[in-house]
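Here is what each chain is made of, one letter per residue.
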Amino acid sequence: MSTTTAPLTDVRRAGAGHALVEPSDLPALKHSIAGEPTPSTATETIDVFNPSTGEKIAAVPAGTTEDVDAAVAAALSASPGWASTTPKERSLALLRIADRVEQNAEALARLESFDTGKPLSVSRDDVAQAVDTFRFMAGALRTTTSAAADEFVADHLSVIHREPLGVVGVVTPWNYPLLMAAWKIAPILGAGNTLVLKPSEITPLSTLKFAELVADLLPAGALNVVTGTGPVVGQRLSTHPDIALVALTGSVASGRAVAASAADSLKRVHLELGGKAPVVVFADADLAAAASSLRAAGYWNSGQECGAGCRVLVHASVAEEFTRLLVAEVESFAVGEPGAGDDVEIGPLVSKGHYEKVVGYLDRAREAGIGAAVGGGATGGPGWFIAPTVLVDVPVGAECAREEIFGPVVTVETFTEEDEAVRRANEVVYGLAASVWTRDAARSHDVARRLDFGTVWVNCHLVLASEVPWGGFKGSGYGRDLSVYALEDFSRTKHVMHNRTR
Ligand code: NAD
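Structure report, in brief. Just so it is clear, the model here is predicted, and its values are computed rather than measured.

### Regarding unusual backbone geometry
Then, number 1: The step from Gly 381 to Pro 382 runs through a cis peptide bond, and the omega angle for that step is 0 degrees.
Then, number 2: Tracing the sequence through the fold places Pro 382 in the loop between β14 (371–374) and β15 (389–392).
Then, number 3: Positive phi is not limited to glycine here, since Leu 266 has a value of about 50 degrees.
Then, number 4: Checked against the element boundaries, Leu 266 lands in the loop between α8 (252–263) and β11 (268–272).
Then, number 5: A positive phi is found at Asn 301, a non-glycine position, where the angle reads about 60 degrees.
Then, number 6: Of note, Asn 301 is situated in the loop between α9 (287–297) and β13 (309–315).
Then, number 7: The class for Asn 301 is buried, based on a relative accessible area of 2%.

See the structure below:
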């Protein structure tokens, strides 16, 4: 496969008069505590940027320990009331939230694109998925019951209750700000808890807007949002004695920090961390289907996706044909600002820091002699755009095939034996998601079982549904989002035994 080091991708620009968001569309740039926009106890702020241009668009409070304590106090005082609502009441509240989000879907999508640089198609999908998460949890929470009461010891009746935990602390990432918030808020509230959520300091706007939009649908204090950094606000959420569980979606490093600081108070921890999903393509696979699936699965959200199919392991006998098909898919991407048209598929990376990190991975790959069949580096500015890239002939153990790049970059390695493919696919610290491509039914079952990942897709990749659990093994953390398993994670069982001897 011939390679290039000079990305030629044009970035489509929105041009003047295509503002995604008017100043009046922004939320109040304050915390949201007890349902009210609340100023910080400190004056420091954190700048928020438009990734398409690099321009500053807002500044939010750099929250303090005292701000978190005020939010936790609000959540704690709302907790007994919310915990004693019936499943039906909580279900209705979640359904109303879903309706409110749906009524404001376009405004939320535009705000999300403004803050993250995502194409509008991605933001609209995020909002639709967020709505579905609330609707699913609204239904699921009414059916998630414990084992039936029974006698397991003579004359002793056992009743098993499912209870909320109390106040939950949540820390979310920048790649799907609103959707990751919804994945936590819906089951946490659904299970009868109250919460304090810290959005990523890079992308806080849609979460603040959400809190504003739903404030009248929940008791004051049930949902609180505190903006700020991980080491201050996130850290306080991890150590606060009144928080029963802290849930983080983010990087492995942040997960480690949260788990370590949660240890002192022995609070429960729920971690959805990074990924490096292998895509194992056997010689009998439908190669065109695999390449076309990776168009979305490898590059959706500019590859800033923890389940992205970013590491292809393809049988050597079909590697050239598969790579040709994949490169053709990638060459036809429309790259641009979200305001440049509904057909834009690839936006910028979210921040200057993240852009520099991805450029660093691509530079080191090039220095190591790894070629790019398409893309391979940054496009011209302004903004933080990287050309959609396919790195080919990647040697075993290369950094770009081991570490989470989190950009529009797919690497291609080859294998010759099935056992080798499984062993190498499992040879990463992550265990979030993987896919296997084959027309052999027996092999698809066998390989799927042997892949050490929380989700394994067969002949598809990155297809999610609210009904099925999402979460990882190994370095990708523990705990499950979505599905009834999230409701279980955010609740606890209590056994009450009645001696009915007379
Ligand atoms: P990040 O870890 O840098 O930040 C995530 C959140 O953690 C932010 O709100 C940040 O402020 C906070 N944080 C940072 N240090 C902290 C600390 N010491 N204590 C408490 N909180 C702290 O991650 P990111 O760059 O925002 O997001 C990208 C990462 O998230 C990737 O690794 C990606 O794979 C992962 N992710 C995983 C899933 C999943 O479902 N498994 C989903 C989306 C993203």
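From this point, the narrative continues.
### Observations concerning the side chain of Ser 491
Then, number 1: In this fold, Ser 491 is placed in strand β22 (residues 491–499).
Then, number 2: A residue is classified by how much of its surface remains accessible, and Ser 491, at 4% relative accessible area, is buried.
Then, number 3: Among the polar contacts listed, one links the side chain of Ser 491 to the side chain of Arg 162, at a separation of 2.6 Å.

### Points about the site of the ligand
Then, number 1: Taken together, 29 residues lie near the ligand, and Trp 174, Glu 201, Ser 251, Ser 254 and Glu 404 sit nearest.
Then, number 2: Contact between the ligand and Glu 201: an oxygen atom at 2.7 Å from a side-chain N or O atom of the residue.
Then, number 3: At 3.3 Å, a backbone N or O of Gly 250 approaches an oxygen atom of the ligand.
Then, number 4: In isolation the ligand offers 840 Å² of accessible surface; the protein chains occlude 89% of this area.
Then, number 5: Listing elements by their share of the shell around the ligand, those giving two or more residues are α7 (230–239), β10 (243–249) and α8.
Then, number 6: When its residues are assigned to classes, the shell around the ligand shows 13 nonpolar, twelve polar and four charged.
Then, number 7: Counting contributing residues, the shell around the ligand receives three or more from each of domain 1 (28–274 + 476–495) and domain 2 (275–465).

### What about the side chain of His 315?
Then, number 1: The topology assignment puts His 315 in strand β13.
Then, number 2: One polar contact links His 315 to Ser 317, side chain to side chain, over a distance of 2.7 Å.
Then, number 3: In this structure, His 315 is in contact with Val 281, Phe 282, Ala 283, Phe 415 and Thr 416, ignoring residues within four places of it in sequence.

Definitions and limits used
- Residues numbered from 1 in each chain as written.
- Predicted model: local features only at pLDDT ≥ 70, side-chain atom pairs only at ≥ 80, totals over all residues.
- Heavy atoms only, no water.
- Helix = DSSP H or I, 4+ residues; strand = E, 2+ residues; numbered from the N terminus.
- Buried < 20%, exposed > 50% of the residue type's maximum accessible area, 1.4 Å probe, protein only.
- Polar contact = N/O pair within 3.5 Å; in protein donor to acceptor, adjacent residues only side chain to side chain.
- Near = heavy atom within 4 Å.
- Areas by Shrake-Rupley, 256 points an atom, 1.4 Å probe, with all protein chains shown as cover.
- Nonpolar A, V, L, I, M, F, W, Y, C, P; charged D, E, K, R; others polar.
- Domains from an automatic or database assignment.
- Contact = heavy atoms within 4.5 Å.

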